[in-house]
Amino acid sequence: MRGVFVDANESLAVIFERLHKQGDPEVRINRDPDIKPEDYPAILDGAEIAIVDHTALPTDIAKKCAGLKHVVFLGTGARSYMNPDELAETGIHVHLIKGYGDTAVAECAISLMWEGARGLAKMDRGIRAGNWLRDDGMQLTGKTLGLIGFGGIAAEVARIALGSGMRVIAWNRSKKKFPKVEFLDYDEVLTESDVISIHLLLNDETRGMITRACIEAMKPGVILVNTARGAIVDEEAMIDALQSGQIRHAGLDVFNIEPLPADHPLTKLDNVTLSAHSAFRTPEASENLMSAAWEHCRRIVKGK
């Protein structure tokens, strides 16, 4: 059984090679992160396992990949790039990797929250342009952070925020417990939070879940942080709220369209901090990710 890492950037390729062990299955690395979906059949060349970082895999393309039985997706958000249910119907199983970057993403979310509270990026841009901008910041100690969704990343966000003196409340679809975190109804989290950070997987239930009505129910001047998926939030409603001041600041690592076009409305707003879907990108997270990818390949070959 053969595998191909179809869209490896150089840093991931180097780690993946280093973690190879004697007796591991044959996995070829395609060192090209910019492949197109139509390139899959030629790149895989009959291999049974595809390791995928970020390249979309439409079902009609997957059907053309002779021999493909397994997709190891490097993360949890496979539904943004492929339809696992449709692939399963064709006999292709999608494997996810959870938890590899919880701390990295949480630290990014916290960074976006603090940036939104103090406006450091705006001041930096102003000073570089010759403008001495001095706005009042928001002091976060004693403020309420609301977490929408509570998995491993949110737990890390809670740990850091609690350590900085914030009250942390959360909503999750299933019952959860975490020391010093208050779990409340969804509406209560929206109305009580000074900062809201989103930590949900994207699926049919969560797509567009943060509606215009939800944004209107938030505290005036709320900070909104999204390191999950852009499509969870009604983008047009968020932009309107940023323009009106209902949302004080948005810290965004994810977008409906990626890469974000240079002329996108979000790039025209001063009260938005933009990050290039890079929350998970640390050496530690990459090491965890490549280790987990190898473990998936080893398990697949053993038929487990």
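Residues numbered from 1 in each chain as written. Predicted model: local features only at pLDDT ≥ 70, side-chain atom pairs only at ≥ 80, totals over all residues. Heavy atoms only, no water.

(A) Spotlight on empty space enclosed by the protein. Counted by the stated rule, this structure contains 1 cavity of 30 Å³ or more. By volume, the largest cavity amounts to about 60 Å³. Residue classes in the lining of the largest cavity are distributed as 6 nonpolar, 3 polar and 1 charged. (1 Å grid on protein atoms, 1.4 Å probe; cavity = no way out; pocket = protein on both sides within 12 Å on 5 of 7 lines; lining within 4 Å. Points joined across faces, edges and corners; volume = space filled by probe spheres on them. Nonpolar A, V, L, I, M, F, W, Y, C, P; charged D, E, K, R; others polar.)

(B) Up close: unusual backbone geometry. With an omega of -5°, the peptide bond running from Glu258 to Pro259 counts as cis. Mapped onto the fold, Pro259 is located in the loop between β11 (247–252) and β12 (272–274). In this model, Asp45 sits at a positive phi of 50°, which is unusual for a non-glycine residue. The topology assignment puts Asp45 in the loop between α2 (40–44) and β3 (49–52). In the Ramachandran plot, His277 falls in the positive-phi region, its phi being about 45° despite a non-glycine side chain. Counting through the fold element by element, His277 comes out in the loop between β12 and α11 (283–301). Judged by its relative accessible area of 17%, His277 falls in the buried class. (Helix = DSSP H or I, 4+ residues; strand = E, 2+ residues; numbered from the N terminus. Buried < 20%, exposed > 50% of the residue type's maximum accessible area, 1.4 Å probe, protein only.)

(C) Quick look at the sheet that holds strand β9 (residues 195–198). In spatial order, the strands read β8-β7-β6-β9-β10-β11-β12; together these 7 strands make up an open sheet with parallel pairing. At either end of the open sheet lies a strand with only one pairing partner, and these are β8 (181–183) and β12. Sheet twist, expressed as the mean angle between neighbouring strand axes with direction ignored, is 20°. Both strand β6 (residues 144–148) and β9 contribute to a ladder of 4 bridges, which runs parallel. Pairing of Ile148 across the sheet is with Ile198, part of β9. Packed on one face of the sheet, helix α7 (residues 152–163) meets β6, β7 (167–171) and β8 and runs near 175° to β6. Against the sheet, helix α10 (residues 235–244) engages β10 (222–226), β11 and β12, with an angle of about 135° to β11. (Pairing = 2+ DSSP bridges. Axes fitted to C-alpha atoms, helices over the stretch in contact; angles between N-to-C directions. Contact = heavy atoms within 4.5 Å.)

(D) Inspection of the pattern of salt bridges at higher detail. Summed over all chains, the structure comprises 14 salt bridges. Between Asp135 and Lys122 there is a salt bridge, with the nearest N and O atoms lying 3.3 Å from each other. Of this pair, Asp135 sits in the loop between α6 (120–128) and β6 while Lys122 sits in helix α6; the two residues are 13 residues apart in sequence, bridging distant segments of the chain. We note a salt bridge from Arg212 to Asp240, for which the minimum N-O separation is 3.1 Å. Of this pair, Arg212 sits in helix α9 (residues 212–217) while Asp240 sits in helix α10, placing them 28 residues apart in sequence. Residue classification places Asp240 among the partly exposed positions, given a relative accessible area of 32%. (Salt bridge = Lys/Arg side-chain N within 4 Å of Asp/Glu carboxyl O.)

(E) Region of the structure containing the sheet that holds β3. Read from one edge to the other, the open sheet built from 5 strands follows the order β2-β1-β3-β4-β5, with strand pairing classed as parallel. Strands with a single pairing partner mark the edges of an open sheet, and in this sheet they are β2 (26–29) and β5 (93–95). For this sheet the average axis-to-axis angle between neighbouring strands, irrespective of direction, equals 20°. As defined by bridge partners, strand β1 (residues 2–5) adjoins β3 across 3 bridges and the pair is classed as parallel.

(F) The arrangement of the environment of Gln139 in detail. Examined against the element boundaries, Gln139 turns out to sit in the loop between α6 and β6. Judged by relative accessible area, Gln139 falls into the exposed class, the value being 61%. As a C-alpha pair, Gln139 and Trp114 span 25 residues in sequence and 9.1 Å in three-dimensional space.

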